[in-house]
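# Architecture at a glance
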Amino acid sequence: MELPRKTRPRLTTPYVRHNGELVPATWDEALDRAAEGLSRHTGTSYGMFSCSKATNEMNFLAQKFARLVMESNNIDSCNRT
């Protein structure tokens, strides 16, 4: 029997792929892997979509992150609807 969504245990240990298998890792190792993967995929291979319910400040920060960190101008939001 599957537990209700709110009572499922939270993931407390990060996992990384090693030889195709998910294995437990330290947080530093997991974050380094994520940063390495993201650094290979900047520019046109990355996009960001933000929500109109977010504050203007949050949308501004999201756009800054996409443009400066991920080097992508692929940014859209549903603010125009």
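My aim in this report is to walk through the structure given alongside it, one point at a time. (Residues numbered from 1 in each chain as written. Predicted model: local features only at pLDDT ≥ 70, side-chain atom pairs only at ≥ 80, totals over all residues. Heavy atoms only, no water.)

### Notes on the overall build of the protein
Applied cut-off: In DSSP terms, a helix is any run of H or I states spanning at least four residues, a strand is any run of E spanning at least two, and both are numbered starting from the N terminus. For the exposure calls, accessible area comes from a 1.4 Å probe over protein chains only, and a residue counts as buried if that area is under 20% of its type's maximum, exposed if over 50%, partly exposed in between.
Tallying secondary structure elements over the protein gives 2 helices and 4 strands in all. Written out in order from the N terminus, the α and β elements of the protein read β-β-α-β-α-β. When the 81 residues of the protein are sorted by exposure, 19% land in the buried category.

### Side note on the pairing of strand 2 (residues 21–24)
Test applied: If DSSP finds at least two bridges between two strands, the strands pair.
The pairing of strand 1 (residues 15–18) with strand 2 spans 4 bridges and is antiparallel. When the bridges of strand 2 are listed, Val16 appears paired with Val23. Linkage of strand 1 to strand 2, two consecutive antiparallel strands, is achieved through a turn of 2 residues, within which Asn19 is found at a positive phi near 55°.

### What to know about the environment of Phe65
Here is the rule: It only takes one pair of heavy atoms within 4.5 Å for two residues to be counted as in contact.
In this structure, Phe65 sits in helix 2 (residues 56–69). By relative accessible area, which is 37% here, Phe65 ends up partly exposed. Sequence spacing of Phe65 and Met48 is 17 residues, and the spatial spacing of their C-alpha atoms is 9.4 Å. Beyond its immediate sequence surroundings of up to four residues, Phe65 is in contact with Tyr46, Met48 and Met70.

### Points about the side chain of Ser50
Following the sequence through the fold, Ser50 ends up in strand 3 (residues 48–50). Sequence-distant contacts of Ser50, that is, excluding residues within four places in its chain, are made with Asn59, Asp76, Ser77 and Cys78.

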